[in-house]
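If you want the building blocks of each chain, they are given just below.
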Amino acid sequence: MLIDVVMPQLGESVVEGVVVKWLVEVGQAVAKDQPLLEISTDKVDAEIPSPAAGKVTQILVTPGETVPIREVLARMETDPAAAAPVEEVPEKWDEETEGFPGHMARASAPPIPVPPRIETSALPPSAHPAAARIRITPVVARMAAERGLDLSRIPGTGIDGRVTRKDVEAYLASGEARPAGPPKAVPAPVPKPTVVPPATGAGPAPKAAPPTTSGEDQVVPWTPIRKKIAEHMVRSKHTSPHVHIFAEVDMHKVAAARARSKKEGVNLTYLPFVIHAAAKALRETPVMNAIVTGESTVLKKDIHIAVAVDTEKGLLVPVLRHADRMSLSEISAAMDDFGARAKSGKISPDELSGGTFSITNPGIRGNLFGTPIINQPQVGILRLGQIVKRPVVIAANGEDSIVIRPMMYLCCAYDHRVIDGVAGNGFLYRVREILEAGDFF
Amino acid sequence: MLVTYIEAIRQAMDEELARDRNVLLMGEDVGLMGGAFKASAGLQGKHGADRVVDMPISESLIVGAGVGLAVQGMRPILEMQFIDFISCGFDQVVNTAATLRYRHGGQTACPIVIRGPSGGGVHGGLYHSQNPEAWFCHVPGLKVVAPATAYDAKGLLKSAIRDDDPVIYFEHKFLYRRIKEEIPAEEYLVPIGKAALRKEGRDLTVITYGAPVHAVMKAARDMAAEVDIEVIDLRTLLPIDWATVKASARKTGKVLIVHEARLTGGVGGEVAARIAQDCFEDLDGPVVRLAARDVHTPFAPAMEEYVLPNQEKITEAIRKLAAY
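Since the structure is predicted, the reported quantities are computational estimates derived from the model, not experimental observations.

## Focus: the overall build of chain B
Part 1 of the reasoning: When its secondary structure is counted, chain B shows 12 helices and 14 strands.
Part 2 of the reasoning: A total of 324 residues make up chain B; the buried ones form 53% of that total.
Part 3 of the reasoning: Taking contacts inside chain B between residues at least 6 apart in sequence as the whole, the part at least 24 apart equals 79%.

Right under this line is the structure:
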């Protein structure tokens, strides 16, 4: 039977998704639930599982295409051998009845096979002569393995002649014990037996010990968002060789501009100034305003700056679209709006996607500087350091003097696969220049 | 200060009633009569009839009312006249009290203590000798404690009253007036979730709780010449102090578990399974359990002796395991 693979709706407000990559080819046999393709939506990236077992007969969209929900992505011929045909129309989610016994009994998986009365062992019965068996205990087995002892030489004093821990200890103390392997050059005093298991070639790498938790500790399983963030962070670090560069920026003109706006009744933070300067510098350094797809860099025409906003549920990164066309006060107003809506959870998925560059600001409880992680698939990110008043040396009228200036370390991370030092350094230099020039309008 | 086990319980309630206005004591005959065993003697006179409250004979009502009060911020102590009858309030315990925190996503707690006399050895017959702690150890959201000494009886009850989760407190009626023990005059607490290492030893560990602690200690002293026994008193049965249990099992390699509750489905089964699973390579013998036979506790003294663990059976079990 020929069936359609359609774009699923992966969230309430999600109306479309971008096909990132096909994981199967036309003609390929696939199992039910085998991932067919990767899609990316405003909210999530996801793999689309195969609705049935069968063969892919047609792929209708190419990677990069944006597809509305319920649109057909591919066609497949179901495997006639695979169980009964899958129910065509999935049962409708019914809030009234979900969770009631009827739902619990609903058959959503293949029936459980009935076990045979007696399942015979595939192995022949063990031919272990009971008489030759040496009775031991688990700890004795371990001690013998660790020390390479021949158990048949240790007299057992336990019930039925069992060799117990005490017997092994007595045997070791008696000095009769000799390593079972070839004798080594042993120093005169009997060495303490090592507790290293015998080497058996390249063994598996030691597993990380599970963390010990006491009763007071709280184990917090990752939420889907946390998982997403974790995956993204690891992927970014693996994908992009990060170069972190720092500029020390004299913010006194920005401070003066803030003071002027305040007099006019407009309360601006430092962040809009940095966004403004970055947008300007990005326009002049197109390679920084880019995304990577596969083995190409896409220089983006529009400058959409993603700005990290902290919320109760985690980090959100809403995007200021066309930041280079916005005035300072527009940027400021947009940021205030994002901040307010992020708190009430009213930022739409659309507003979280499409960024071409990112800026992160640790806020009023910030610190001197930090090394941010690139927001994939972008190629650069800026991080604001704390603004601290410091004595700095300036040259005025041909003479050096020390003045007090509000200084800020600005860190830029760039993807060294795509950006060379000249471009990266030039970009950060420009941001600094714009901020120090104080010409924002 | 020299006190009996039951006096330690009375003092704990008296001190907590005085310390915190939200603490209440509710149960059958706890007020005017001072409790069937006099565990609350004098408390109603001292703290008032609105705080030490006589309740109708309905354990379901006592627990249910306690849960409601706890939700409103009170810290009720709910006495079962005999812990055998907690089964009448079972639904309130396992479906209401134990689930409350979970159902509310951690936003509310259920600070109740359910306490009552458990255990046999007093010829109480089948309705007045039970040890039903294992039922509750199966239920997440509860804490279960079973003190064996006057010191622990007082310290654990005070901790239970201050705990934000429902705590089932099994006091052993055999110990009520048979124990006289020196306890500190000043205030102290015994933490929930921490076992007591009653005696250090190298050859064999006995893990126990409640009344058998005393018989095990006697055996450990009497048999000192033939086997060096380590004794662990679990004190808290949910959550069990696994660190202490496993450390001892690894050290001696031989473990005997003794409890007065029945063998099948008892707490000892869980302890044995965990040791077998996590300490297998350190074991020098099978993990052995000694518990009541799988029958109801008989009234006839000779039959009761036959059913429950006693000094003789403990000695025999230790001897057998030591020789393994």
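Alright, that's what it looks like, and here's the rest.
## A closer look at the overall build of chain A
Part 1 of the reasoning: The helix and strand tally for chain A stands at 8 helices and 18 strands.
Part 2 of the reasoning: Every one of the 441 residues in chain A was classed for burial, and the buried ones make up 24%.
Part 3 of the reasoning: For chain A, contacts bridging at least 24 residues in sequence account for 64% of all contacts bridging at least 6.

## Some words on the interface of chain B and chain A
Part 1 of the reasoning: Listed by partner, the interface residues are 11 residues for chain B and 10 residues for chain A.
Part 2 of the reasoning: Classifying every residue of the side of chain B that touches chain A gives 5 nonpolar, 3 polar and 3 charged.

## As for the sheet that holds strand 15 (residues 319-320) of chain A
Residue and element names in this part refer to chain A.
Part 1 of the reasoning: A sheet is described by the order of its strands in space; here 6 strands give the open sequence 9-18-17-16-12-15, paired in mixed fashion. The two strands at the open ends of the sheet, each matched to only one other strand, are strand 9 (242-250) and strand 15.
Part 2 of the reasoning: When strand 12 (residues 305-307) meets strand 15, the two strands line up antiparallel, connected through 2 bridges. Bridged to Ala306 within strand 15 is Val319.
Part 3 of the reasoning: Lying over the sheet, helix 8 (residues 421-437) contacts strand 9 and strand 18 (399-415), oriented at roughly 20° with respect to strand 9.

## Let's talk about the packing of helix 8 (residues 212-222) of chain B against helix 12 (residues 311-323) of chain B
Residues and elements named next belong to chain B.
Part 1 of the reasoning: Running from amino to carboxyl end, helix 8 crosses helix 12 at an angle of 55°, the nearest separation of the two axes being 9 Å. Comparing the axis directions of helix 8 and helix 12 gives the class oblique. Every pair of crossing elements has a handedness; the one defined by helix 8 and helix 12 is right-handed. Contact with helix 8, carried on its side by Ala215, Val216, Lys218 and Ala219, involves Gln311, Ile314, Thr315 and Ile318 of helix 12 and no other residues of that element.
Part 2 of the reasoning: Of the residues belonging to the contact of helix 8 with helix 12, the class tally is 5 nonpolar, 2 polar and 1 charged.

## Thoughts on the sheet that holds strand 9 (residues 196-199) of chain B
Sheet strands associate in pairs through backbone hydrogen bonding, adopting either a parallel or an antiparallel arrangement.
Residue and element names in this part refer to chain B.
Part 1 of the reasoning: As summarised here, the arrangement of the 5 strands in space is 9-11-10-13-14, forming an open sheet in which the pairing is mixed. Only two strands of the sheet have a single neighbouring strand rather than two, namely strand 9 and strand 14 (288-292). Going from strand to strand, the sheet's axes swing by 25° on average, the running direction of each strand aside.
Part 2 of the reasoning: Contacting strand 9, strand 10 (204-208), strand 11 (229-233) and strand 13 (255-262), helix 8 runs over the sheet at an angle of about 165° to strand 11.
Part 3 of the reasoning: Across the sheet, helix 10 (residues 267-278) touches strand 10, strand 13 and strand 14, and the angle it forms with strand 13 is around 160°.

## Focus: the environment of Phe427(A)
Residues and elements named next belong to chain A.
Part 1 of the reasoning: Looking at where Phe427 falls in the secondary structure, it is placed in helix 8.
Part 2 of the reasoning: Each C-alpha atom of the pair Phe427 and Pro286 lies 9.5 Å from the other, and the pair is 141 residues apart in sequence.
Part 3 of the reasoning: Ignoring anything within four residues of it in the chain, the contact list for Phe427 reads Ala281, Thr285, Met288 and Cys412.

## Some words on the pairing of strand 6 (residues 54-59) of chain A
Residues and elements named next belong to chain A.
Part 1 of the reasoning: Strand direction decides the pairing type here: strand 3 (residues 29-30) and strand 6, joined by 2 bridges, are antiparallel. Among the inter-strand pairings, Val30 is bridged to a residue of strand 6, identified as Gly54.
Part 2 of the reasoning: Judged from the 5 bridges that link them, strand 6 and strand 8 (residues 72-78) form a sheet pairing that is antiparallel. What sits directly across from Val56, in strand 8, is Met76.

## Describing the environment of Glu304(B)
Residues and elements named next belong to chain B.
Part 1 of the reasoning: Considering the arrangement of structural elements, one finds Glu304 in helix 11 (residues 301-307).
Part 2 of the reasoning: Residue classification places Glu304 among the buried positions, given that 20 C-beta atoms sit within 10 Å.
Part 3 of the reasoning: Through-space distance from the C-alpha of Glu304 to that of Gly124 is 9.5 Å; in sequence the pair is 180 residues apart.
Part 4 of the reasoning: Contact partners of Glu304, with chain neighbours within four places excluded, come to Gly120, His123, Thr297 and Pro298.

## Describing the confidence of the model for chain A
Part 1 of the reasoning: With 79% of its residues at a pLDDT of 70 or more, chain A shows a mean pLDDT of 81.
Part 2 of the reasoning: When the criterion is pLDDT under 50, residues 180-206 of chain A qualifies, and its contacts beyond four places in sequence or with other chains add up to 11 contacts.

## Comments concerning the packing of helix 6 (residues 270-284) of chain A against helix 7 (residues 328-343) of chain A
Residues and elements named next belong to chain A.
Part 1 of the reasoning: Contact pair helix 6 / helix 7: the axes reach a minimum separation of 9 Å and the direction vectors enclose 120°. Of the possible angle classes, the one that applies to helix 6 and helix 7 is oblique. Seen along the crossing, helix 6 lies across helix 7 with a hand that is right-handed. Contact with helix 6, carried on its side by Leu271, Pro272, Phe273, Ile275 and His276, involves Leu328, Ile331, Ser332 and Met335 of helix 7 and no other residues of that element.

## Here's the deal with unusual backbone geometry
Part 1 of the reasoning: Between Gln376(A) and the following residue, Pro377(A), the backbone shows a cis peptide bond with an omega angle of 0°.
Part 2 of the reasoning: For Pro377(A), the position within the fold is in the loop between strand 16 (357-360) and strand 17 (380-396).
Part 3 of the reasoning: In this chain, Leu238(B) is followed by Pro239(B) through a cis amide linkage whose omega measures 0°.
Part 4 of the reasoning: Even without being glycine, Lys38(B) reaches a positive phi, approximately 70°.
Part 5 of the reasoning: Looking at where Lys38(B) falls in the secondary structure, it is placed in the loop between strand 2 (23-27) and helix 2 (43-47).

## Describing helix 10 of chain B
Part 1 of the reasoning: With 12 residues, helix 10 of chain B extends 17 Å from end C-alpha to end C-alpha; this agrees with the ideal 16 Å at 1.5 Å per step.
Part 2 of the reasoning: Where helix 10 of chain B is buried, its residues contact helix 6 (133-137), strand 10, strand 12 (236-238), helix 9 (242-252), strand 13 and strand 14 of chain B.

## Re the environment of Gly421(A)
Part 1 of the reasoning: Positionally, Gly421(A) belongs in helix 8.
Part 2 of the reasoning: Assessed through the 11 C-beta atoms surrounding it within 10 Å, Gly421(A) is described here as exposed.

Cut-off values and rules
- Residues numbered from 1 in each chain as written.
- Chains lettered and ligands numbered in written order.
- Predicted model: local features only at pLDDT ≥ 70, side-chain atom pairs only at ≥ 80, totals over all residues.
- Helix = DSSP H or I, 4+ residues; strand = E, 2+ residues; numbered from the N terminus.
- Buried ≥ 20, exposed ≤ 12 C-beta atoms within 10 Å, placed from the backbone.
- Contact = placed C-beta atoms within 7 Å.
- Nonpolar A, V, L, I, M, F, W, Y, C, P; charged D, E, K, R; others polar.
- Pairing = 2+ DSSP bridges.
- Axes fitted to C-alpha atoms, helices over the stretch in contact; angles between N-to-C directions.
- Parallel < 35°, antiparallel > 145°, perpendicular 65-115°, else oblique.
- Left-handed = near helix turned anticlockwise from the far one by under 90°.
- pLDDT = per-residue confidence, 0-100.
- Expected span 1.5 Å × (residues − 1).

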